[in-house]
Each structure stands twice: as C-alpha cells, then as structure tokens.
Amino acid sequence: MNTVLPTNSPDTGNWPDVVPVPDFMSAVVFHRFGPPDVLEVQSMPVPEISPREVLVRVAAVGVGRLLDLVARAGKHPYAKFNLPHILGAEHAGTVVAIGSEVEGDVCGTIGSVRVGDRVAVYPGVSSADDVDAQEGRSEFSPALSIIGTHRPGAYAEYCAVPASNVFVVPPGMSPADAVAVINGGAVAMNQFEKVGGIRPGQRVLVQGASSALGSTTALLAKHLGAEVIATSRSSSKRKRLRELGLETLDVSDGSFAEDVRERFGDGGANLVVDNLGQPEIWQKNFEVLASGGSVVTSGAFLGREVTINLQQLYSRNQRIVGVRTGNLESAAKVWQEASRGFRSVVDRSFPFAQASEAHRYIENGGNVGRVQLAVG
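None of these values were measured; they are calculated from a predicted model. (Residues numbered from 1 in each chain as written. Predicted model: local features only at pLDDT ≥ 70, side-chain atom pairs only at ≥ 80, totals over all residues. Heavy atoms only, no water.)

Tallying secondary structure elements over the protein gives eleven helices and 17 strands in all. For a compact globule of 376 residues, the expected C-alpha radius of gyration is about 21 Å, and the protein comes in at 20 Å, within 12% of that figure. For the protein, the accessible area works out to roughly 15900 Å², and carbon and sulfur atoms hold 48% of it. Between the mean site of the 34 positive side-chain charges and the mean site of the 39 negative ones, the protein shows a separation of 4 Å. (Helix = DSSP H or I, 4+ residues; strand = E, 2+ residues; numbered from the N terminus. Rg over C-alpha atoms; globule rule 2.2 N^0.38 Å. Areas by Shrake-Rupley, 256 points an atom, 1.4 Å probe, with all protein chains shown as cover. Lys, Arg positive; Asp, Glu negative; His and termini not counted. Charge placed at Lys NZ, Arg CZ, Asp CG, Glu CD.)

Under the defined criterion, the tally for this structure stands at five aromatic pairs. Ring centres of Phe167 and Trp335 lie 6.1 Å apart, and the angle between their planes is 55°; this geometry places the pair in the tilted category. Within this pair, whereas Phe167 is found in strand β9 (residues 166-168), its partner Trp335 is found in helix α10 (residues 328-339), the two being separated by 168 residues in sequence. Under the relative-accessibility criterion, Phe167 is labelled buried at 1%. For Trp335, a relative accessible area of 5% puts it in the buried group. An aromatic cluster is defined as three or more aromatic residues linked by ring pairs; in this entry it consists of Phe30, Phe33 and Phe81. A cation over a ring is seen here: Arg65 above Phe301, with NZ or CZ 5.2 Å from the ring centre. Across from the ring centre of Tyr361, 5.4 Å away, lies the NZ or CZ of Arg348, which sits over that ring. (Phe/Tyr/Trp six-rings, centres within 6.5 Å; stacked < 30°, edge-to-face > 60°. Buried < 20%, exposed > 50% of the residue type's maximum accessible area, 1.4 Å probe, protein only. Lys NZ or Arg CZ within 6 Å of the ring centre and 35° of its normal.)

Attention now moves to the pattern of salt bridges. Scanning the entire structure with this criterion turns up twelve salt bridges. The salt bridge involving Arg360 is made with Asp37; its shortest N-O contact spans 2.0 Å. Note that Arg360 is positioned in helix α11 (residues 355-363) and Asp37 in the loop between β1 (24-29) and β2 (40-45), a separation of 323 residues in sequence. With relative accessibility at 29%, the residue Arg360 sits in the partly exposed group. Each member of the salt-bridge network shares a partner with another, and the members are Lys239, Arg240 and Glu243. (Salt bridge = Lys/Arg side-chain N within 4 Å of Asp/Glu carboxyl O.)

Now for the environment of Pro22. When you line up the elements, Pro22 lands in the segment before β1. Aside from chain neighbours lying at most four places away, what touches Pro22 is Val46 and Tyr158. (Contact = heavy atoms within 4.5 Å.)

A few words on α10. Taking 1.5 Å of rise per residue, the twelve residues of α10 would be expected to cover 16 Å, and the 16 Å separating its terminal C-alpha atoms lies within 8% of that figure. Taken residue by residue, α10 has Ser330, Ala331, Val334, Trp335, Glu337 and Ala338 as its buried positions. One side of α10 carries all its buried residues, which in axial view fall inside an arc of 155°. Buried residues in α10 make contact with β5 (118-121), β9, α3 (175-182), α4 (184-194) and α5 (212-223). At the N-terminal boundary of α10, the capping side chain belongs to Asn327, with an oxygen 3.1 Å from the backbone nitrogen of Glu329. (Expected span 1.5 Å × (residues − 1). Arc of directions from axis to C-beta. Polar contact = N/O pair within 3.5 Å; in protein donor to acceptor, adjacent residues only side chain to side chain.)

Printed below as a string of structure tokens:
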C-alpha cells in the first residue's frame with residue numbers, strides 16, 4: 001500500500017497531559033450568527049460526562065466549511081442551534097476522565113479506553129438502540145447527531161464524547177494527523193464502501209481535490225492502490241497536490257475529457273467523487289465515466305441542481321450514489337489504514353484564540369487540506 005507524505009502542520013505535535021479536571025475551561029463560542037468576528041473566547045463550565053462518555057482534553061480540532069463556517073453564519077441547511085454554542089466536530093486529545101460504565105467498554109478501536117489514552121474522536125453520534133446504527137448505517141438515521149452541531153463541540157479545552165466514538169491513536173501520529181484523518185477519512189471510506197470498495201488498479205477521479213475532504217479522498221484512494229486523478233482549477237493548488245504524489249488536471253480545460261482518457265485509457269474512470277455540485281463539472285463527470293462506473297457525492301456547496309442524461313445512465317449501467325456522511329464502521333476501517341501508515345494533509349493550524357482568522361482563511365479559499373485549531 002502507498003503511504004502519503006506526512007503533514008506539514010506546525011506546532012501541533014504535543015498531546016495534553018492528564019491533569020486534575022478544573023471546574024471551568026476556555027472555549028470559543030458565538031452568541032449570535034454572523035461573520036467570523038462573532039467568535040469569542042470565554043470561560044465556560046467543563047462539561048459533565050454521562051456513564052458511557054469520556055472527557056477529552058482537546059489538543060486539536062478541525063475547522064470545516066459546513067459544520068463550522070456555514071453554521072456560524074446561520075445558514076446551516078439542516079441544524080438549529082441554541083445559542084451560545086461551541087462548534088468543533090472532529091478532534092483529538094487525551095482522555096482525562098471516563099464514565100462509570102466505560103471501563104471495559106468497547107470503543108471505536110475495538111478495545112478498552114482508559115484515562116491517559118491519546119484518541120481521535122469521530123463526530124457522528126448515534127444511539128446504541130437505533131436500528132440503522134445496529135445495521136452499520138447510522139448515517140441513514142434521522143436521530144443521528146453531530147458533535148459541534150447538535151451538542152457542544154471541541155472549540156474548547158475539554159469535550160465530553162461517547163466512549164464508542166473514540167479511536168486510540170497509533171504511536172507516532174500527531175493530533176493534527178489524527179484530526180485530518182478521522183472524519184474526512186470516514187466519509188471517503190464510506191463513499192468507497194457504497195460502490196463496492198476500492199480495488200488495486202481501479203481508476204478514480206476526485207473533483208475539487210484541494211478541499212479537506214477532497215484531498216483525503218484522493219490520498220486514501222491512492223493509499224488503497226487506485227490510480228487517481230485529482231482536479232483543481234487553481235494552478236497553485238494543483239502544484240501542492242502534485243507534491244503530495246497525486247496526478248492532477250484542471251477540470252476547466254477544454255481538453256479535460258481527452259486528458260482523462262489519455263491517463264486512464266479509453267475506458268475512463270471507474271469512480272468519480274464529486275462533492276461540489278457545480279453543474280458544468282457534473283456534466284464532465286459523465287464524459288469520462290466508464291461503463292458500469294459510479295459517481296458519488298457527499299456535498300453540493302457550489303450548486304444543488306444538476307441535469308442527468310438518464311438514457312446514458314441506464315444504457316451504460318452507471319450509478320449515482322449519495323452518501324450523507326461516514327459512520328463508525330467506516331471510521332474503524334480508515335483507522336485500520338491509519339495504523340498502516342495512511343495520513344492526510346493539514347494545510348495550516350491556527351492558535352485556539354484565532355478561530356475567527358481560521359474561518360476567514362477558509363472563506364478565502366486558499367487551503368489545500370484540513371485547517372485546524374491547536375487547542376492543547
């Protein structure tokens with residue numbers, strides 16, 4: 001299997017120590033929706049844990065477009081917030097307390113979690129008695145909740161999370177590396193699983209591969225042995241993606257379809273991952289999709305409505321698959337790959353108190369890979 005380049009993120013390699021849990025903590029909160037300036041640091045009570053939860057002293061937390069920027073602006077399409085609110089979904093840190101029913105409990109790494117463990121936290125939370133969760137498809141459940149969206153998140157020194165959602169971090173993996181893999185990797189792995197998995201030699205095209213999810217998807221596909229083309233319309237971002245060992249193309253080039261066939265052969269791509277939803281790019285997916293191939297989507301921030309040539313779809317036995325998010329099973333599978341050396345890419349880490357600057361940075365669209373806050 002191919003191992004990608006290590007993260008280039010600065011000052012995020014330190015895991016927090018286990019210390020007596022204080023009554024109060026620093027957290028980044030917002031009391032009203034608006035621009036990045038609504039984010040402010042203030043003192044908040046350290047969250048209490050339920051019998052099946054653990055308390056994580058946070059080292060690093062990811063900053064995402066939908067779960068953070070769109071939510072902070074008050075434009076999240078699905079969730080309602082009770083203000084003030086603490087954002088922060090995928091995160092990594094040190095377990096400093098465990099609930100009364102956790103000892104010996106099975107966690108995400110199929111083992112026990114203990115005080116002092118360095119863990120990454122998968123943010124999708126489902127109930128143990130949820131039928132969809134029992135069948136390994138918790139993303140189908142209307143009761144699915146997300147840390148940092150439906151419950152307080154990890155833009156804070158401490159975060160209370162279900163023990164089932166923590167994954168013990170392999171030796172040598174930094175908090176930044178863990179955050180870059182745990183959620184985006186779970187989504188990407190679930191996308192792959194929904195179309196039968198990635199096999200060595202399979203031809204995969206990832207549109208918009210400079211985003212946190214896009215870069216993780218492309219790198220994971222390559223790690224699993226696929227031939228990968230990653231696209232970006234930015235020459236500087238394509239340069240960065242090539243530094244990560246990926247073949248790149250500009251989807252806006254008039255010769256895009258011919259270039260894909262030149263690299264993949266006349267058969268085209270077996271799998272296209274498009275989390276953009278931009279109508280023109282969507283049409284190009286089907287110009288290069290092989291017979292029997294699939295297009296998978298988990299996002300539509302550049303557009304929501306596209307056209308589909310149904311005659312081509314059924315005549316060539318092609319599929320379109322929507323994948324809402326990852327699940328604990330896909331998180332466990334990507335975590336197995338992390339133990340085998342898989343890493344994604346961290347574009348930049350901001351100090352905890354500069355959350356508003358991190359939001360502006362992503363809004364300006366300059367990142368390649370995951371942007372994070374260094375908390376610990």
